[in-house]
Amino acid sequence: MLNRKFPLTRLRRLRSNSFIRDIVDENKITTDDLIQPIFVKDSDGIEEIDKMPNVFRYGLDVLIKEVCEICELGIKSIAIFPVIDSSKRDAAGSEAFNENNLACSAIKLIKEHYPDLIIISDVALDPYTNHGHDGVLINGYVDNDSTVSALVKQALCLANAGADIIAPSDMMDGRIKFIREALEESNFKNTIILSYAAKYSSSFYGPFREAVKSSSKLGNSSKSSYQMSSANSDEAIHEVAMDINEGADMVMVKPGMPYLDIISKVKEVFQIPTFAYQVSGEYSMLKYAIENGLLDNKVMLESILCFKRAGADAILTYAAKEISKELNK
Ligand code: PBG
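Basis of the calculations
Residues numbered from 1 in each chain as written. Predicted model: local features only at pLDDT ≥ 70, side-chain atom pairs only at ≥ 80, totals over all residues. Heavy atoms only, no water. Buried < 20%, exposed > 50% of the residue type's maximum accessible area, 1.4 Å probe, protein only. Helix = DSSP H or I, 4+ residues; strand = E, 2+ residues; numbered from the N terminus. Arc of directions from axis to C-beta. Contact = heavy atoms within 4.5 Å. Lys, Arg positive; Asp, Glu negative; His and termini not counted. Salt bridge = Lys/Arg side-chain N within 4 Å of Asp/Glu carboxyl O. Polar contact = N/O pair within 3.5 Å; in protein donor to acceptor, adjacent residues only side chain to side chain. Patch = residues over 30% accessible without salt bridge, like charges linked within 9 Å, V, L, I, M, F, W, Y side chains within 5 Å. Areas by Shrake-Rupley, 256 points an atom, 1.4 Å probe, with all protein chains shown as cover. Charge placed at Lys NZ, Arg CZ, Asp CG, Glu CD. Near = heavy atom within 4 Å. Nonpolar A, V, L, I, M, F, W, Y, C, P; charged D, E, K, R; others polar. Axes fitted to C-alpha atoms, helices over the stretch in contact; angles between N-to-C directions. Parallel < 35°, antiparallel > 145°, perpendicular 65-115°, else oblique.

## A word on helix H12 (residues 320–328)
When H12 is considered as a whole, its buried residues turn out to be Ala320, Lys321, Ile323 and Ser324. Here the buried residues of H12 occupy an arc of 165° about the axis, which is enough to place them on one side. Taken together, the buried residues of H12 touch strand E1 (34–41), helix H2 (60–72), helix H11 (298–310) and strand E12 (314–317).

## Remarks on the side chain of Asp122
If you trace the backbone, Asp122 turns up in strand E5 (residues 118–123). Although Asp122 is buried, it makes no salt bridge; Lys199 carries the closest opposite charge, 5.5 Å away. Within polar-contact distance, the side chain of Asp122 engages the side chain of Tyr196 at 3.0 Å. Excluding its chain neighbours within four sequence positions, the residues that come into contact with Asp122 are Ile80, Phe81, Gln154, Leu158, Ala167, Ser169 and Tyr196.

## Examining a positive patch on the surface
On the surface, Arg10, Arg12, Arg13 and Arg15 cluster together into a patch of positive charge. Its place among the elements puts Arg13 in the segment before helix H1 (18–24).

## What to know about the site of the ligand
With respect to spatial proximity, 17 residues lie near the ligand, and among them Arg209, Lys223, Lys254, Ser280 and Tyr318 are the closest. Residue Lys199 places a side-chain N or O atom 2.8 Å away from an oxygen atom belonging to the ligand. A per-class count over the shell around the ligand returns seven nonpolar, three polar and seven charged.

## Details of a nonpolar patch on the surface
Residues Leu14, Ile23 and Val24 make up a contiguous nonpolar surface patch of about 290 Å² in total accessible area. Inspection of the secondary structure assignment puts Val24 in helix H1. On the basis of relative accessibility, which here comes to 38%, the residue Val24 falls in the partly exposed class.

## Things to note about the packing of H11 against H12
Between H11 and H12, whose axes approach to 10 Å, the crossing angle comes to 95°. Regarding the angle of H11 to H12, the classification is roughly perpendicular. Across the interface between the two elements, Met300, Leu301 and Ile304 of H11 pack against Glu322, Ile323 and Leu327 of H12. Here the residues of the contact of H11 with H12 sort into five nonpolar, no polar and one charged.

As far as function goes, none of this settles anything; it's purely spatial.
Below, the structure is given as structure tokens:
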């Protein structure tokens, strides 16, 4: 006998086996969605990073081997982060606009071997300053306008070295406009700007700052006079609107996992390429939990899929290689 109270709609029908689940999946991760960050150091060889399991700093002598592995997995883009020796850091971060600095040398070397690989290069002074801030300090305050002038010079060096995407991650006001104008004037018309438009002042960056050896320089000083407060989301929309008006091609939300609402809102409001960064603290948190048997390693792919569902078009993750191996199986 038909029980009229029983549901005619059974949502479980479309979950009953893996084929039907695959067919109705709303989102999928492929290697096209993943961007692998790479730390580059100016001495030879490989060094594991203390607080980031399975993440390494690479000397230029071993960099191409690593990049080759990344390319063979089908990953199409990398983000370069230089680890600069203390002796080359100063208060103004002037090594940032030395045309032969480590970041530029790494870009040139990679482009010689893999011209099609998309190289994203951060624009910010923190790898180069002896105080660890992303800009120039005047009376202890990060000065916006003199920092922007320095960032323009840095961006031109990186574009000249062959970076495909310039990614200002410093959160100064007005820097996208000045960088875009300088790129146009210098005939880098196709250089893409990925603005870290909604970048929050976050403790999730801790392991990264150790990886690039800037945490001891920064000490207790915080970046909250330029990075956004975690309390805000309207402000993220304002930041993104401003950067698009100034000439950004794509925007980034960072960190990722605790900020999925921001990714979703930005994508919905602006409908432009929106990237998200699964930052060092998020990565290490999951990695340590996996290594200690607390979580299954499937959480890594799950977390990345959730970025995609929230609206991210691509995801920077230290797990890009490992996830790609999984996807290629
Ligand atoms: C600095 C920069 C940071 C990260 C990328 N670029 C740290 C910071 O703002 O202090 C963090 C990335 C991560 O934690 O993985 N311009």
